[in-house]
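# Summary of structural features
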Amino acid sequence: MNATPFWKAKTLDQMTTAEWESLCDGCGRCCLNKLEDWDTGEIAWTNIACTLLDGYSCRCTDYENRQATVPDCISLTPAQVDTITWLPPTCGYRLVREGADLYWWHPLVSGDPETVHEAGVSVRNRTVSEDNMKVEDFEDYLVDWPGKQP
């Protein structure tokens, strides 16, 4: 029996909490600091990781309580997927919203959470921590790969 995967059968609003959470591929790209040009709205990516991002696993070290430590951390919702312009082009939430399929390396497709790293999509070993970094130094860490396909 070939059941249709939930991400093809449901909208983001229809998903259960578990389904929603599983759409995250674990790449860690959304946990990188970004700079926004106030005049144009253009987003510039850095390879500076949130203080809570584990640079190897590419997961938050305190996901449940992250907003207590990082008040501006965004708890992504279906409505926000429609409005946030900086979601990576490989993001499962963005792909489902756009009606596209998940990539072969997404853990829901591959069955293996390591494939996102093996495919070179994740931030694994590609970041520096924001800890003890001055905001005025962020421009020294600009990169373009988070906003591109691997």
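Quick summary incoming for the structure in this document. (Residues numbered from 1 in each chain as written. Predicted model: local features only at pLDDT ≥ 70, side-chain atom pairs only at ≥ 80, totals over all residues. Heavy atoms only, no water.)

Each helix and strand counted, the protein chain has seven helices and four strands in total. Relative to the globule expectation of 15 Å for 150 residues, the C-alpha radius of gyration of the protein chain, 16 Å, shows essentially globular dimensions. When its C-alpha atoms are laid out on the principal axes, the protein chain stretches across 55 × 30 × 30 Å. With 150 residues in all, the protein chain has 35% of them scored as buried. A separation of at least 24 residues holds for 58% of the contacts in the protein chain among residues at least 6 apart in sequence. (Helix = DSSP H or I, 4+ residues; strand = E, 2+ residues; numbered from the N terminus. Rg over C-alpha atoms; globule rule 2.2 N^0.38 Å. Buried < 20%, exposed > 50% of the residue type's maximum accessible area, 1.4 Å probe, protein only. Contact = heavy atoms within 4.5 Å.)

Turning to the environment of Leu-23, a few remarks are in order. Tracing the sequence through the fold places Leu-23 in the loop between α2 (17-22) and β1 (32-36). Here Leu-23 falls in the buried class, since its relative accessible area comes to 0%. In this structure, the C-alpha to C-alpha distance between Leu-23 and Arg-94, residues 71 residues apart in sequence, is 9.7 Å. Discounting residues that sit within four places of it in the chain, Leu-23 has contacts with Phe-6, Trp-7, Leu-12, Met-15, Gly-92, Tyr-93, Val-96, Leu-102, His-106 and Leu-108.

So, on to the environment of Ala-44. For Ala-44, the position within the fold is in strand β2 (residues 43-49). Along the backbone, Ala-44 and Ile-84 are 40 residues apart, and their C-alpha atoms lie at a distance of 14 Å. Those residues within four positions of Ala-44 in sequence are excluded, and the remaining contacts are Lys-34, Leu-35 and Leu-142.

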